[in-house]
Amino acid sequence: MHHVVLDRWSRGSSPLHRRDARAKIVAALVFLIVLATAHRSFIPLAFAYFAILIAAGFVAGLPVFAVLKRAAVVLPFTAVFAAISVAAGEPMRAAVLVVKSYLSALAVLILVSTTPLPELLRGLECMGVPRYLLMVIQFLHRYLFVISEEAQHMCVAAQTKSGSMRRSLFHGSRFNAAAGALSVLFARSYGHAEGVYQAMLARGFQGHFRTFANPVFRKADAVFVLAALAVLAGVRLVLEVWS
Amino acid sequence: MPPGLVGVAPSLVWWHEYFNRATLEGVPMHIPDGFLATPVWAALDVTAVPAVGYLARRAQRGLEQSKVPLLGVMGAFVFAAQMINFPVGLGTSGHLVGAALLAYTLGPAAAGVVLTAILAVQALVFQDGGILSLGANIINMAVAGMLAGYLPFRLWGKGRRRREAIFLGGVLSVLTSALLALSELLLSGVAMPAAVLRISLGLFVVSAVLEGAITLAIMQALESINPDFIRDPQSHGGRAFSLVGMAALFVAVIGVAFASTHPDGIQKLADATGIASRAKALIAAPMADYQLGVWRSIWLRKAGAGLAGLGLIFGACLVCGRLLARQRGT
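Worth saying up front: this structure is predicted, and the values here are computed from it rather than measured. Within each chain, residues carry numbers counting from 1 in the order of the written sequence. Going through the entries in the order they are written, you letter the chains from A and number the ligands from 1. Reporting of local features is limited, given that this is a predicted model, to residues whose pLDDT is at least 70; pairs of side-chain atoms are given and counted only at 80 or more, and all residues count toward the totals for whole chains, interfaces and linings. No hydrogens and no water enter the side-chain calculation; it runs on all heavy atoms of the structure.

> Would you take a moment to explain the overall build of chain B for this structure?
When you go through chain B residue by residue, the secondary structure sums to 13 helices and two strands. Every one of the 330 residues in chain B was classed for burial, and the buried ones make up 61%. Whether two residues are in contact is decided by their heavy atoms, any of which lying within 4.5 Å being enough. Sequence separation of at least 24 residues holds for 81% of the intrachain contacts in chain B that already meet a minimum separation of 6. Per-residue accessibility takes into account occlusion by the displayed protein chains alone, with areas from the Shrake-Rupley method and a 1.4 Å probe. Here chain B displays about 12,900 Å² of accessible surface, and carbon together with sulfur accounts for 67% of that area. Secondary structure elements follow DSSP: runs of H or I of four or more residues count as helices, runs of E of two or more count as strands, with numbering from the N terminus. Between buried and exposed lies partly exposed: a residue is buried under 20% and exposed over 50% of the maximum accessible area for its type, with that area taken using a 1.4 Å probe on protein chains only.

> Would you take a moment to explain the packing of helix 4 (residues 42-59) of chain A against helix 7 (residues 91-112) of chain A for this structure?
Geometry of a packed helix pair, given as the angle between the helix axes and the separation of the axes. Residue and element names in this part refer to chain A. Comment: axis = line fitted to C-alpha atoms, over the contacting stretch for helices; angle = value between 0 and 180 degrees taken between N-to-C directions. Remark: helix 4 packs on helix 7, axes separated minimally by 11 Å, with the N-to-C direction vectors making an angle of 20 degrees. Taken together, the axis directions place helix 4 and helix 7 in an arrangement best described as roughly parallel. As helix 4 packs across helix 7, the resulting crossing turns out to be left-handed. From helix 4, Phe42, Ile43, Ala46, Tyr49, Phe50, Leu53 and Gly57 reach across to helix 7, where they touch Met92, Val96, Val99, Lys100, Tyr102, Leu103, Leu106, Ala107 and Ile110. Note on residue categories: nonpolar means Ala, Val, Leu, Ile, Met, Phe, Trp, Tyr, Cys or Pro, charged means Asp, Glu, Lys or Arg, and polar means any other residue, Gly included. For the contact of helix 4 with helix 7, a count of residues per class yields 14 nonpolar, one polar and one charged. For classification purposes, an angle smaller than 35 degrees is called roughly parallel, one larger than 145 roughly antiparallel, one from 65 to 115 roughly perpendicular, and anything else oblique. Crossing handedness follows the turn of the near helix against the far one: under a right angle anticlockwise gives a left-handed crossing, and clockwise gives a right-handed one.

> Could you clarify how one ought to interpret a nonpolar patch on the surface in this entry?
Residue and element names in this part refer to chain A. Residues enter a patch when their relative accessible area is above 30% and they make no salt bridge; the linking distance is 9 Å between like charges and 5 Å between nonpolar side chains (Val, Leu, Ile, Met, Phe, Trp, Tyr). A side-chain nitrogen of Lys or Arg and a carboxyl oxygen of Asp or Glu constitute a salt bridge if their distance falls within 4 Å. A cluster of nonpolar residues, Ile43, Phe47 and Met92, forms a patch on the protein surface that exposes about 340 Å² of accessible area. Locating Ile43 in the fold gives a position in helix 4. Judged by its relative accessible area of 49%, Ile43 is partly exposed.

> Please explain the interface of chain A and chain B as it appears in this structure.
Note on interface size: it is often stated as the accessible area lost on association of the parts. Counting residues at the interface gives 82 residues for chain A, matched by 85 residues for chain B. For the pair chain A and chain B, the summed buried area comes to about 7,400 Å², and 79% of that belongs to carbon and sulfur atoms. Our count for the chain A to chain B interface comes out at zero salt bridges. In terms of residue count, the dominant contributor to the side of chain A that touches chain B is helix 10 (residues 172-202) of chain A (20 residues). Each residue belonging to the side of chain A that touches chain B can be placed in one class, and the counts come to 53 nonpolar, 18 polar and 11 charged. Using a 1.4 Å probe, buried area is obtained as the accessible area two parts lose upon being combined, added over both of them.

> Honestly, the packing of aromatic side chains in this entry has me stumped. Any pointers?
Within a pair of aromatic rings, the relevant descriptors are the distance that separates the centres and the angle that separates the planes. Aromatic rings from Phe, Tyr and Trp, with only the six-membered ring used for Trp, were paired whenever their centres fell within 6.5 Å, and each pair was classed as stacked if the ring planes differed by under 30 degrees, edge-to-face if by over 60, and tilted otherwise. Within this structure, the stated rule accounts for 12 aromatic pairs over all chains. Considering the side-chain rings of A:Phe77 and B:Phe35, the 5.4 Å spacing of their centres and the 70 degrees angle between planes classify their relative orientation as edge-to-face. On the criterion of chain membership, the pair formed by A:Phe77 in helix 6 (residues 75-87) and B:Phe35 in the loop between helix 1 (3-25) and helix 2 (38-62) is interchain, its members lying in two chains. Like A:Phe77, the residue B:Phe35 is buried in the burial classification. Where B:Tyr104 meets B:Phe153, the ring centres are 4.3 Å apart and the plane angle is 35 degrees; that geometry is what we call tilted. Here B:Tyr104, found in helix 4 (residues 99-106), pairs with B:Phe153, found in helix 6 (residues 134-156); they are 49 residues apart in sequence, far enough to count as distant. You'll find B:Tyr104 and B:Phe153 in the same group, each marked buried. An aromatic cluster is built from A:Phe186, A:Tyr190, B:Phe77 and B:Phe229, whose rings are joined through pairwise contacts.

> It is not clear to me how the domain arrangement of chain A should be interpreted in this structure. Could you clarify?
Residues and elements named next belong to chain A. You can read the domains of chain A as domain 1 (5-127 + 213-242) and domain 2 (131-202). Once you take the C-alpha centre of each, domain 1 and domain 2 turn out to be 34 Å apart. With five residues of domain 1 at the interface, the matching set in domain 2 holds five residues. The contact between domain 1 and domain 2 buries some 490 Å² in all, and 72% of this surface belongs to carbon and sulfur atoms. The largest per-residue losses of area from domain 1 upon contact with domain 2 belong to Leu117, Leu121 and Glu125, which jointly make up 80% of the total buried on that side. For the pair domain 1 and domain 2, the interface holds one salt bridge. Here Arg131 and Glu125 are joined by a salt bridge, their closest N and O atoms 2.9 Å apart. The domain limits used here are those given by an automatic or database domain assignment.

> When you look at the packing of helix 3 (residues 21-36) of chain A against helix 11 (residues 219-242) of chain A in this model, what are you seeing that I'm missing?
All names here are of chain A. Contact geometry of helix 3 with helix 11 gives a least axis separation of 9 Å together with a crossing angle of 10 degrees. Classed by the angle they form, the pair helix 3 and helix 11 counts as roughly parallel. Contacts between helix 3 and helix 11 involve Ala23, Lys24, Val26, Ala27, Val30, Phe31 and Val34 from the first element and Asp221, Phe224, Val225, Ala228, Leu229, Leu232 and Arg236 from the second.

> I'm lost on the nonpolar core in this one. Help?
In globular proteins that are soluble, nonpolar side chains generally tend to be buried together. The criterion is simple. A nonpolar core is a set of buried Ala, Val, Leu, Ile, Met, Phe, Trp, Tyr and Cys residues joined through side-chain atoms within 4.5 Å. Within the largest apolar cluster, 168 residues are counted, with the highest numbers of intra-cluster contacts made by A:Leu182, B:Leu71, B:Phe77, B:Val113 and B:Ile218. Of the residues that make up this core, three or more belong to each of domain 1 (5-127 + 213-242) and domain 2 (131-202) of chain A. With sequence-adjacent residues up to four places away left out, B:Ile218 is seen in contact with A:Ala179, A:Leu182, A:Ser183, B:Phe86, B:Leu96 and B:Leu101.

> Quick question: what am I supposed to make of unusual backbone geometry here?
Of all residues except glycine, most have a negative phi; of all peptide bonds, most are trans. Residue and element names in this part refer to chain B. At Gln127, a position not held by glycine, the phi torsion is positive, near 50 degrees. Relative to the assigned elements, Gln127 resides in the loop between helix 5 (108-125) and helix 6. Residue Gln127 is classed as buried on the basis of its relative accessible area of 3%.

Here it is, written out as structure tokens:
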């Protein structure tokens with residue numbers, strides 16, 4: 001499934017992969033903020049930023065076409081609002097909506113496909129995000145696929161026994177069957193969690209995850225942040241003054 | 001399989017999942033980046049940070065250490081629950097959103113943390129919802145929606161009206177988050193003709209009622225498996241949470257009514273109270289001259305004023321809540 005792709009991409013060894021997670025988070029945030037607050041001379045700016053993101057994708061050794069395609073998942077949502085804007089006689093706003101949301105998604109996608117999730121969360125922890133929340137996120141991501149698989153098994157089991165759970169006519173009994181399936185899934189998840197905690201205790205868990213090495217913010221990371229800041233803000237300033 | 005297809009197949013699955021979900025929900029729940037005006041997302045991010053910090057601390061205090069994996073696994077459960085469809089007739093089906101259910105089973109603070117974690121994973125791993133708009137999504141769903149859903153359960157969860165309270169909680173959780181998202185979009189100047197607005201309000205109500213029915217059905221099934229799964233409504237979340245829940249409900253309803261029926265109402269209110277001019281002076285002063293032009297556009301000013309108000313209300317609720325909680329010694 002697609003998440004495995006993301007996991008594989010994030011384990012590369014390009015210069016972008018080697019940067020400290022904090023540097024990449026700051027650079028991505030700068031990108032998002034500079035893009036979100038842009039209003040004037042938007043079209044050349046959008047092209048310039050698109051080029052920067054593609055360049056970043058090449059530097060990171062990512063399959064650029066696949067990345068571009070994955071970032072398009074925001075488009076269905078955006079398209080609805082863009083269509084409404086066009087209908088309301090504001091085609092420019094529609095275009096800005098589509099371009100901004102797509103470029104933002106692309107930037108975040110490049111961030112998460114050059115940084116493994118544990119490193120990303122560790123970086124966020126160093127930046128002051130509550131550790132408790134990050135641990136929950138980590139567990140969620142780890143068990144997402146275990147529980148999803150279980151849900152899939154239940155769907156298949158229900159289909160083999162009763163045809164389909166997506167019949168067209170309303171049946172109270174089918175509704176209740178789905179509720180029953182979900183409550184069983186709930187109970188199993190609960191049980192899983194207890195087992196997981198016992199296993200963690202048995203392996204010496206003391207309240208937080210240990211990592212092999214603490215992240216180090218090197219000189220190259222500082223240079224990367226400054227360069228990102230200079231390029232992104234510079235491009236926007238030049239374009240705005242130039243117009 | 002040729003290597004090209006290996007890449008295509010998962011993305012097809014993903015597209016199918018996306019459309020499936022988009023059509024099922026029928027409501028814009030996770031706002032991507034690029035939709036909200038700068039004052040809107042900035043105000044909501046600033047509000048979300050202390051809110052999440054407070055929820056995390058409270059959840060950590062209220063639960064023993066063994067519950068950390070539980071919260072994560074329950075987040076995964078809510079994700080997986082979207083795969084199980086509930087038939088509702090005419091070829092359509094819905095699925096659980098889960099904010100109210102989590103609040104009933106884990107308590108409101110822990111539910112807020114789990115929902116925040118879900119939103120973060122959706123934004124980071126699935127590109128579903130933006131990063132700058134994460135604060136808005138958190139406020140809409142994990143804080144306001146969840147607390148509005150918990151409110152009836154806390155008030156009537158023990159009495160004869162328990163079933164109705166559970167149902168109402170499910171309804172309110174979805175309705176509040178959807179209405180808040182809608183009013184934020186309207187405030188940000190996203191064009192929405194009256195017809196579209198009416199249709200989306202109708203969709204919100206349908207999916208809210210569906211969420212109520214699903215939540216009730218699951219709660220009844222859970223009670224028959226193990227009544228311990230459901231928390232005692234009185235034991236969690238002091239008056240603070242109820243207050244914020246009520247305020248959330250209030251803001252959601254008023255916000256949409258205001259933003260939709262009086263497109264100029266916010267402007268008038270801002271002029272009357274002087275928020276707009278003050279905000280303009282406050283923000284424009286330290287900036288270079290060329291930024292001033294931005295503040296002349298009406299919709300931005302409107303958005304700034306409206307969201308400043310919204311942010312103030314939420315901030316005030318949070319502060320009141322904390323004071324009350326401290327007073328009660330909980």
